[in-house]
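# Topology and contacts: notes
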Amino acid sequence: MSTQLSHADWQKLAGDLRYETRAFIGNRFVDAASGERFATINPATGEVLAEIASCDAPDVELAVRHARDAYNRGDWSRLAPGKRKQAMLRLAELMERHKNELALLDTLDMGKPVGSSLGDMSGAIGCIRYNAETIDKVYGEVAPTGEESLGLVLREPLGVVASIVPWNFPLMMTAWKIGPALAAGNSVILKPSEKSPLSALRLAQLAQEAGLPDGVFQVLSGFGHTAGKALALSMDVDCLSFTGSTGVGKQLMQYAGQSNLKRIYLECGGKSPNLVFADCKDIDSVAENAAAAIFHNQGEVCIAGSRLLVENPIREAFIERVLAHAENMQPGDPLDPASFMGAIVDEVQHKRILDYIRQGVEEGAHLRTGGAAVSPVEGGLFVAPTIFDGVTPQMAIGREEVFGPVLSVFGFDSEEEAVAMANDSEYGLAAGLWSQDIDRIMRVSRRLHSGQVFVNNWAGGDMTVPFGGVKQSGNGRDKSHHSLEEYSELKTVWMSLAP
Ligand code: NAD
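Residues numbered from 1 in each chain as written. Predicted model: local features only at pLDDT ≥ 70, side-chain atom pairs only at ≥ 80, totals over all residues. Heavy atoms only, no water.

## Notes on the nonpolar core
Considering soluble globular proteins, one finds that nonpolar side chains tend to be buried as a cluster. Ranked by size, the top nonpolar core spans 98 residues in total, and within it Met95, Leu182, Leu212, Phe217, Val276, Leu308 and Phe318 carry the most contacts. Sequence-distant contacts of Met95, that is, excluding residues within four places in its chain, are made with Leu102, Ala124, Ile125, Ile128, Leu171, Leu203 and Leu206. Judged by nonpolar contacts, the second largest core, of 27 residues, contains Leu275, Met395, Ala418 and Val419. (Core = buried A, V, L, I, M, F, W, Y, C linked by side-chain atoms within 4.5 Å. Buried < 20%, exposed > 50% of the residue type's maximum accessible area, 1.4 Å probe, protein only. Contact = heavy atoms within 4.5 Å.)

## Section: a negative patch on the surface
Together, Glu362, Glu363, Glu400 and Glu426 line one region of the surface with negative charge. For Glu400, the position within the fold is in the loop between α13 (396–399) and β18 (406–412). (Patch = residues over 30% accessible without salt bridge, like charges linked within 9 Å, V, L, I, M, F, W, Y side chains within 5 Å. Areas by Shrake-Rupley, 256 points an atom, 1.4 Å probe, with all protein chains shown as cover. Salt bridge = Lys/Arg side-chain N within 4 Å of Asp/Glu carboxyl O. Lys, Arg positive; Asp, Glu negative; His and termini not counted. Charge placed at Lys NZ, Arg CZ, Asp CG, Glu CD. Helix = DSSP H or I, 4+ residues; strand = E, 2+ residues; numbered from the N terminus.)

## Focus: the site of the ligand
If you check the shell around the ligand, you find 29 residues, and the closest are Val165, Glu194, Ser245, Cys268 and Glu401. At 2.7 Å, a backbone N or O of Val165 approaches an oxygen atom of the ligand. Contacts to the ligand include Glu194, whose side-chain N or O atom sits 2.6 Å from an oxygen atom. For the ligand, the protein covers 91% of the area, taking 850 Å² as the surface of the free molecule. For the shell around the ligand, the secondary-structure elements that each account for two or more residues are α8 (224–233), β10 (239–243) and α9 (246–258). It is α9 that provides the largest number of residues to the shell around the ligand, a total of 4 residues. Of the residues that constitute the shell around the ligand, the class distribution is 15 nonpolar, 9 polar and 5 charged. (Near = heavy atom within 4 Å. Polar contact = N/O pair within 3.5 Å; in protein donor to acceptor, adjacent residues only side chain to side chain. Nonpolar A, V, L, I, M, F, W, Y, C, P; charged D, E, K, R; others polar.)

## Section: the UniProt feature "domain: Aldehyde dehydrogenase" (unreviewed entry) in the protein
The UniProt feature table records "domain: Aldehyde dehydrogenase" (unreviewed entry) at residues 29–493. As annotated, residues 29–493 has a helix share of 42% and a strand share of 20%, and its two end C-alpha atoms lie 41 Å apart. (UniProt positions renumbered as here; feature names shortened; annotations may be inferred.)

## Some words on the UniProt feature "active site" (unreviewed entry) in the protein
As recorded in UniProt, the feature "active site" (unreviewed entry) lies at Glu267. For Glu267, the position within the fold is in strand β11 (residues 263–267). Residue class for Glu267 comes out buried when judged on its relative accessible area of 4%. Dropping the residues within four chain positions of it, Glu267 is found in contact with Lys177, Phe242, Thr243, Gly244, Phe467, Gly468, Gly469, Ser473, Gly476, Arg477 and Asp478.

## Side note on the packing of aromatic side chains
As enumerated under the stated definition, the model contains 7 aromatic pairs in all. Taken together, a centroid distance of 5.8 Å and an interplanar angle of 75° make the contact between Tyr265 and Tyr487 edge-to-face. Here the residue Tyr265 occupies a position in strand β11, and Tyr487 occupies one in the loop between α16 (480–486) and β23 (488–496), the gap between them amounting to 222 residues. When its relative accessible area of 12% is taken as the criterion, Tyr265 is described as buried. With a centroid separation of 5.2 Å and an interplanar angle of 70°, the aromatic rings of Phe277 and Phe412 are classed as edge-to-face. Of the two residues, Phe277 is situated in the loop between β12 (273–276) and α10 (283–295) and Phe412 in strand β18; the sequence distance between them amounts to 135 residues. Residues Phe277 and Phe412 agree in their burial class; the two are buried. (Phe/Tyr/Trp six-rings, centres within 6.5 Å; stacked < 30°, edge-to-face > 60°.)

## Some remarks on the pairing of strand β21 (residues 452–455)
A one-sided burial pattern is seen for β21, the buried positions being Gln452 and Phe454 and the unburied ones Val453 and Val455. In terms of strand pairing, strand β20 (residues 430–434) meets β21 through 4 bridges, oriented parallel. Of the residues in β21, the one forming a bridge with Ala430 is Gln452. Assessed by its sense of winding, the connection that carries the chain from β20 through helix α15 (residues 438–447) to β21 is right-handed. (Pairing = 2+ DSSP bridges. Right-handed = clockwise from strand over helix to strand, strands pointing away.)

## With respect to α8
Among the residues making up α8, those that are buried are Thr226, Ala227, Gly228, Ala230, Leu231 and Ala232. Looking at the packing, one finds that the buried side of α8 touches α2 (57–73), β7 (160–164), β8 (187–191), β10 and α9.

## Regarding the packing of helix α14 (residues 415–423) against α15
Put simply, α14 and α15 touch, their axes get as near as 10 Å, and they point 30° apart. On the basis of their axis angle, the class for α14 and α15 is roughly parallel. The chirality of how α14 crosses α15 is right-handed. Between α14 and α15, the contacting residues are Glu415, Val419 and Asn423 on the first element and Arg440, Arg443, Val444 and Arg447 on the second. A per-class count over the contact of α14 with α15 returns 2 nonpolar, 1 polar and 4 charged. (Axes fitted to C-alpha atoms, helices over the stretch in contact; angles between N-to-C directions. Parallel < 35°, antiparallel > 145°, perpendicular 65-115°, else oblique. Left-handed = near helix turned anticlockwise from the far one by under 90°.)

## Comments concerning the sheet that holds strand β6 (residues 149–157)
In spatial order, the strands read β5-β6-β23; together these 3 strands make up an open sheet with antiparallel pairing. Taken across any chain shown, the strands that pair with only one partner, and hence form the sheet edges, are β5 (141–142) and β23.

## Here we look at the side chain of Ser149
As for its position among the elements, Ser149 is in strand β6. Given a relative accessible area of 11%, Ser149 falls into the buried group. Leaving out residues up to four positions away in the same chain, Ser149 has contacts with Trp494, Met495 and Leu497.

## A short note on the pairing of β11
Burial within β11 is extensive, with 4 of its 5 residues counted as buried. Examined bridge by bridge, β10 and β11 share 5 bridges and lie parallel to one another. Looking at the pairing, Ser241 lines up with Tyr265 of β11.

## Considering helix α4 (residues 99–110)
For α4, built from 12 residues, the straight-helix expectation of 16 Å at 1.5 Å per residue is met to within 8% by its first-to-last C-alpha distance of 17 Å. Most of α4 sits inside the fold, with 11 of its 12 residues counted as buried. Every buried residue of α4 is accounted for by Lys99, Glu101, Leu102, Ala103, Leu104, Leu105, Asp106, Thr107, Leu108, Asp109 and Met110. Among the residues trailing α4, Gly111 stands out with phi positive, at a value near 95°. (Expected span 1.5 Å × (residues − 1).)

## Details of the packing of helix α1 (residues 7–16) against α4
Between two packed helices, the angle of one axis relative to the other and the distance separating the axes together describe the packing. Running from N to C, α1 and α4 point in directions that differ by 85°, and their axes come no closer than 11 Å. Taken together, the axes of α1 and α4 are roughly perpendicular relative to one another. Residues Trp10, Leu13 and Ala14 of α1 pack against Asn100, Leu104 and Leu108 of α4. Each residue belonging to the contact of α1 with α4 can be placed in one class, and the counts come to 5 nonpolar, 1 polar and no charged.

Pasting the structure below:
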């Protein structure tokens, strides 16, 4: 991926950066009540970037109070949608102006290549703009009554929305959550991942500059088991929107049940199948896409195409092409715009990926390339693109989400077998399908248990289409006007009219 700035430009920009390290509560940047801080580390170098305010239950309580006050005050929740739109467009404009800086913060915090982060920023800014532009085009309904009554169906904001997001696309996942929630008129409390808090805190500065009223958007930096848990257990949070692992998603549902039955939207993990039929067009280009589907963002992608299912007659030739493309997708310095892959987010994740690779070998899968840590930058955490062939659905690397650059290749002999293998997963987030046969494309697309199906592409789609999963990949839908619906509630007003 190319950017206009050179490697040296990005290094200089990184050296000049100043970080916001305090939480943003009630329109002020503050330390955590406890005074506690945690380190955020650049995984490409091992350097501590900053010590960040570590929020916990008392900070959550304060932020929720500010959020509720803002909601009751009504200077956002009851503001004309066209005026909310103006404020959100100002925010988008500020994000655009500081796009390089925001991209750099994500790259330094979690290791992804800066070219990739810039792509995320376009997505994040586009999401804020889309929701701003949509909100003043949403109408309520008038029910089909007789003359003696008037039935109105109004759309109202939910109240206080807490958004808990992961580290793999820090600012883009944030935008997918806060864009529709703010546009709908809610007060939003964001908890970024403890592994990537920097861009969220910078976003808070920009939201303040854009003039969002006090308490409408707040950012609580902190850990999941402290700040995240307190938000999920709060009796005064009306909705929890979450992107992260399936395990934590399950816990959050319990917290919602234990507290106030808050509405909960979950975008969780995946083990996405990518089905390549022998009649696909241009094997080499499909192979390049299949490699990018798993190696983009170091494989730390919820919709990573981690299970590659190839029709047996072309399997070996296809793998050869994937191997050739993987060779060009090696990790490099995330600040070098030429790097395809960057660093793995932290030591825990790095070890987890290497453990899965070892288990794959032990369980009898055939390692075709990679399989080891590499060091393009001294002190950094990197893993080479790794490809296993001869994987079975019983193997851990064939079933479980690795969340790293590890591709598992399976063979199949028939369409039926391919669909059965694809659906044999607890997840259902994304699936890919490569073929030129339109009848097969329609048949298979309908049969795949998946929130999205990519036909002759991987990860296609823009703001106009919903994004989310089925099964244990979750239940919410980000993007499109459907996400706006999720952050609002229908209210019926039934009026009796005099004859
Ligand atoms: P994670 O579940 O560990 O953490 C996600 C967020 O939840 C973080 O902010 C974390 O602090 C918080 N959290 C952790 N424990 C908590 C608790 N007990 N209570 C409240 N909050 C808690 O996930 P991660 O490692 O940050 O991200 C990787 C996971 O996210 C992968 O499983 C990936 O598939 C998933 N993901 C899904 C999507 C999607 O759209 N479906 C997108 C990106 C990532």
